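Residues per chain are reported as follows:
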Protein chains: 4
Amino acid sequence: MKICLIGAGRIGAVHAIAIASDENANLHSVVDFHQESAEKLANKYNAITLSMDEAFENNEIDAFIIASSTSTHADLIEKCAKVGKPVFCEKPIDLSLDRALSCAKAVEESGIVCMLGFNRRFDPHMASLKSQVDANAIGSVQSLVITSHDPEPPSMEYIAGSGGLFLDMMIHDFDMACWILDDSPSSIYVAANAVNDAIAGQGDVDTASVIMNMKKGAIVTIMNGRQASFGYDQRVEAFGETGMLQVKNALEDNVVLSNSSGIRQAKNQHFFLERYGKAFHNELVHFMDSFQSGVQPSVNISDGVLALKIAEAAKESLLSGNSINL
Amino acid sequence: MKICLIGAGRIGAVHAIAIASDENANLHSVVDFHQESAEKLANKYNAITLSMDEAFENNEIDAFIIASSTSTHADLIEKCAKVGKPVFCEKPIDLSLDRALSCAKAVEESGIVCMLGFNRRFDPHMASLKSQVDANAIGSVQSLVITSHDPEPPSMEYIAGSGGLFLDMMIHDFDMACWILDDSPSSIYVAANAVNDAIAGQGDVDTASVIMNMKKGAIVTIMNGRQASFGYDQRVEAFGETGMLQVKNALEDNVVLSNSSGIRQAKNQHFFLERYGKAFHNELVHFMDSFQSGVQPSVNISDGVLALKIAEAAKESLLSGNSINL
Amino acid sequence: MKICLIGAGRIGAVHAIAIASDENANLHSVVDFHQESAEKLANKYNAITLSMDEAFENNEIDAFIIASSTSTHADLIEKCAKVGKPVFCEKPIDLSLDRALSCAKAVEESGIVCMLGFNRRFDPHMASLKSQVDANAIGSVQSLVITSHDPEPPSMEYIAGSGGLFLDMMIHDFDMACWILDDSPSSIYVAANAVNDAIAGQGDVDTASVIMNMKKGAIVTIMNGRQASFGYDQRVEAFGETGMLQVKNALEDNVVLSNSSGIRQAKNQHFFLERYGKAFHNELVHFMDSFQSGVQPSVNISDGVLALKIAEAAKESLLSGNSINL
Amino acid sequence: MKICLIGAGRIGAVHAIAIASDENANLHSVVDFHQESAEKLANKYNAITLSMDEAFENNEIDAFIIASSTSTHADLIEKCAKVGKPVFCEKPIDLSLDRALSCAKAVEESGIVCMLGFNRRFDPHMASLKSQVDANAIGSVQSLVITSHDPEPPSMEYIAGSGGLFLDMMIHDFDMACWILDDSPSSIYVAANAVNDAIAGQGDVDTASVIMNMKKGAIVTIMNGRQASFGYDQRVEAFGETGMLQVKNALEDNVVLSNSSGIRQAKNQHFFLERYGKAFHNELVHFMDSFQSGVQPSVNISDGVLALKIAEAAKESLLSGNSINL
């Protein structure tokens, strides 16, 4: 399967590695407005570089992976819809819910496979929790708690174009909650601060706690933060009628030092490249399975739209100080 | 120091053990409307039984411990204030905030030592977390998460007289949050359900998630539940600018079984008698230190009033579905 | 049940606390050549002091607890045998195997209850492992590994009278191995060093690894050391055909600090008073049950003799550098 | 760097993956007497197949990796020495110590880079322990304990050609001990059984505990077993004057299930392919660094000879029941 990768930045490189380590996938071509980046990545895997127009006219390409900046996502997805080719796109679809909705409409009308990059669903740990929940290991879930702290804030440039904490970071957790519970929220309440002055200066927040009442009755609590001294903090806790399932953090190594100061383990794995390395590979495998079999992927554009709707409501709650109904 | 214990029930027996195992404390007498219970407990420790009136007229008694039902707390505290003797009283002061306020006024005017039974402050694990927070081990706290699940619901009779989840159970967590952060909330938002039909039938809830914005800026998240198959679940997590402190659960034992089903540790200690055994002893020591030295205890009637105010606001939030300002 | 305590030192005080916290036991009297120590301990519990002769003539005393120095154990046990009263004696019976054997003979002829203070058998964690082994949780045990490190070396005065590492410290582990496996060794091999120069100067060792072939086929490995910076290290690992059971260390508290240096738990509980506090209580309860019911205790003088025999063989192996048959 | 892989079996495939995922390595050719296996593996990576003779005459090949059966190792290493090309060979060099010594002599005379496949040295967890030991994190090491249990016994065919437990399995631990401590043993004592009847039938053992006195004074204890129901058990514990370092097991996932049966984590990662996946990659990187820079690798043929000598002494100890001096 010949894949064209659009976007040769950090996340593009991650997808390139996933393609290279998969038996059935082949990196056909790389597209990036910054030609030097495109060439560097393409050379490493004996792929070619193409302009955007060339890519969508190329008959050899079986599928597209979009890893370019957020503002280009909706347009590129629609181009894939137009040429009728499967597309995997990083989240979010767009910072505007309206634009995402029109894009989703185009996808639906075309009938193409369109998978969204909610990578955590493909993390082996998260997937194991989900499958155990589905297998009724803890009965019906009454409370779901998701904790997510990045190790350090992104650049202010990144923050400026990110759409803010809810659209950029917590959107993963909104999707996780809906996925794990097979449900969607009826209301959301947000409490949030900016402890980092630069982030405050951008009108964004970096520390937030959120409660969602889900339609089927469960209560979801999400905690997010942009800076954790001990590494990437990615935990999930599902509390059900007969037990509790938790995903614990992954540590840098399994070495323990005991001395007069106490008993010390390593920090958490630093960030998403380490923590979700396998997830990036697994989501590629799922994408390829999906368009090879013609079955829609387990996470598609409607999931992206739902997560955006929740993120919009979260922003509204923060502004109003009140609970928002969805 | 001769102590009179009012209330010979389950929690009274716990206090009797704490008194017996302390070098300086002596169980002088036991008071209970149910004379047989009073006698049984008194005999075990070579103490006498007294009627309520006799107790407050007895000159030998140095201090009172009130472990009778909640509805008697405020009256008994006021009697101690009247005779000018130190009193330790189980929480809450009263189910009515107004009654608690008038009681607090009487205590303040009398100048007696009046300590409230927020036992978790005296748990060695919680106390260690608090002292590390105070020693700046994690910098300023940005987020505090308290998780508390009982192993099983109390009797419906108990529920009926309990004042509901917020006054009976989460009141401990409200106090913990204010204590750990040296702060009080400016607003509170509650999401809650009754997963147990009998509890629902009483108009109470058993599963709740709460967010409080604290005045100094921290965000507090509290999760409560009345039933956990894996035992008493008592965790605290303080997330600060330079690190995170957690109190983990105490397990029944340290034995680990590894086999083809996985790696299995024991359940959590079953309930508060096991989990907070040392806390009951430590709080007695603090009470005695306090009235022997004449210094007010670290937790007094004003803490009880504050926790009640928060619990009232929590009930209001649940009814209205909105955030409530305090 | 009126108990006379012989020996008012550190371990005597531990037994006094166990007696005081037991419903059925009463500390009748304290005997110590150092009269001041005897009086101090007796006064704390409203007991009397007696001379040795008075104690063995006193008709009120139901049982004796011997917590005096090792050199007095065998004589005192024999005196109990002579007056026909139950006795609990700290390990070892004597530093000389011959003396222990003659003492054991006297005990057997008298028919008295004679319990040896192998306290670890009564530790809840060790007892849980033992009961799970007996319940076939891991099938037949193929390998048993016992790790024991003291937090710090005892005084050189103590070392001088201790009989050396094998008689003083590892004797507990010899007993544990025989108890857990219901077996005894057919051979033993020792490798040992003195890393502490003062201990080397006394002709003793402080660091040892031992392998025993047990008669029923299991292999036992024991590691001992006199100094661990991270507190009292007391672990057991039983590896069987269908799984593994481990007793993990007990920590000072359940608080975890995560920061840029890693994830830090507390040290181990410091030493035996903390780690085996419950064991001291449980062994007293078992002793009282035993002499009240007339049933021999689960650990008696023959266990003490067996452990001594193994310790003697260990010393022989160290000297010869070879495996010793038992 | 063009690499020729000799041996297209299970371990050969692992090396092929390591080569494929490395930027600088290229799988040039595959050699296997079983031509079909060679072709299958070669095709997957666009490599060619060669006969043994062709391989050693081929000028394009920069280095050899030997992953064929043990009996071919020494001959193939010597062929590499003859053609003066770098070689990485799986352990052991040979089942005969004499043959290994003559092979080592040929390597030394040729001056080629010859690296032995003691993969555990390249495991990130083991390497972290080693580097912390070297950085004096625990002072001088007094005791080293290595525990290694395979999840299940190999086929009896494998056992027959393996050289037995000490040459096949514990040889890794002998190398680890010498590596971590920068030392070699002065004596070794072995206790061992065959709990598996088929293995006993082959005259081999499957359960062993070993003590080695190291020349610089440390005591090494090794426990090995061929079957662990809970997965691959790979632990190391270094106990030093100021602390203890442990490598804990790697689990299948980070999910924890708490319910009325206790608190359950996943089993250990199943076997060496999972547990040492990164080690296989890291050792390849080290091999390539080594022959590119011309510096001898950190683990070379003399380490293989030393481990063989220890394994021979272990077999002798088992036969004699005594400690063997080295």
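Scope of this entry: the structure provided in the associated data block. (Residues numbered from 1 in each chain as written. Chains lettered and ligands numbered in written order. Predicted model: local features only at pLDDT ≥ 70, side-chain atom pairs only at ≥ 80, totals over all residues. Heavy atoms only, no water.)

Between chain B and chain A, the contact holds 37 residues from the first and 37 residues from the second. When chain B packs against chain A, close to 2600 Å² is buried across both sides, 59% of that on carbon and sulfur atoms. Our count for the chain B to chain A interface comes out at 2 salt bridges. At the junction of chain B and chain A, the tally comes to 10 residue pairs in polar contact (both at pLDDT 80 or more). Elements with a minimum of two residues in the side of chain B that touches chain A: strand 7 (141-149), strand 8 (185-193), strand 9 (207-214), strand 10 (219-225), strand 11 (233-240) and strand 12 (243-247) of chain B. Across the side of chain B that touches chain A, the residue classes break down as 14 nonpolar, 19 polar and 4 charged. (Contact = heavy atoms within 4.5 Å. Buried area = accessible area lost by both parts, 1.4 Å probe. Salt bridge = Lys/Arg side-chain N within 4 Å of Asp/Glu carboxyl O. Polar contact = N/O pair within 3.5 Å; in protein donor to acceptor, adjacent residues only side chain to side chain. Helix = DSSP H or I, 4+ residues; strand = E, 2+ residues; numbered from the N terminus. Nonpolar A, V, L, I, M, F, W, Y, C, P; charged D, E, K, R; others polar.)

What follows concerns the packing of helix 6 (residues 124-134) of chain B against helix 9 (residues 170-181) of chain B. Residues and elements named next belong to chain B. For the pair helix 6 and helix 9, the least separation of the axes is 9 Å and the interaxial angle reads 35°. Here helix 6 contributes Met 126, Ala 127, Leu 129, Lys 130, Val 133 and Asp 134 to the contact with helix 9, which in turn contributes Met 176, Trp 179 and Ile 180. A per-class count over the contact of helix 6 with helix 9 returns 7 nonpolar, no polar and 2 charged. (Axes fitted to C-alpha atoms, helices over the stretch in contact; angles between N-to-C directions.)

It is worth spelling out the interface of chain A and chain D at this point. Listed as interface residues are 25 residues of chain A and, on the opposing side, 25 residues of chain D. For the pair chain A and chain D, the two sides together bury roughly 1900 Å², of which 52% comes from carbon and sulfur. Looking at the side of chain A facing chain D, the largest losses of area belong to Asn254(A), Val255(A) and Val256(A), adding up to 29% of the total buried there. Between chain A and chain D we count 0 salt bridges in total. For the interface between chain A and chain D, the tally reads 10 residue pairs in polar contact (both at pLDDT 80 or more). Every element with two or more residues in the side of chain A that touches chain D is listed here: helix 6 (124-134), strand 12 (243-247) and strand 13 (255-259) of chain A. Looking at side-chain class alone, the side of chain A that touches chain D contains 10 nonpolar, 10 polar and 5 charged residues. Where strand 12 of chain A and strand 13 (residues 255-259) of chain D come together, 5 bridges link them in antiparallel fashion. Within strand 13 of chain D, the position partnered with Leu245(A) by the bridge is Leu257(D). (Pairing = 2+ DSSP bridges.)

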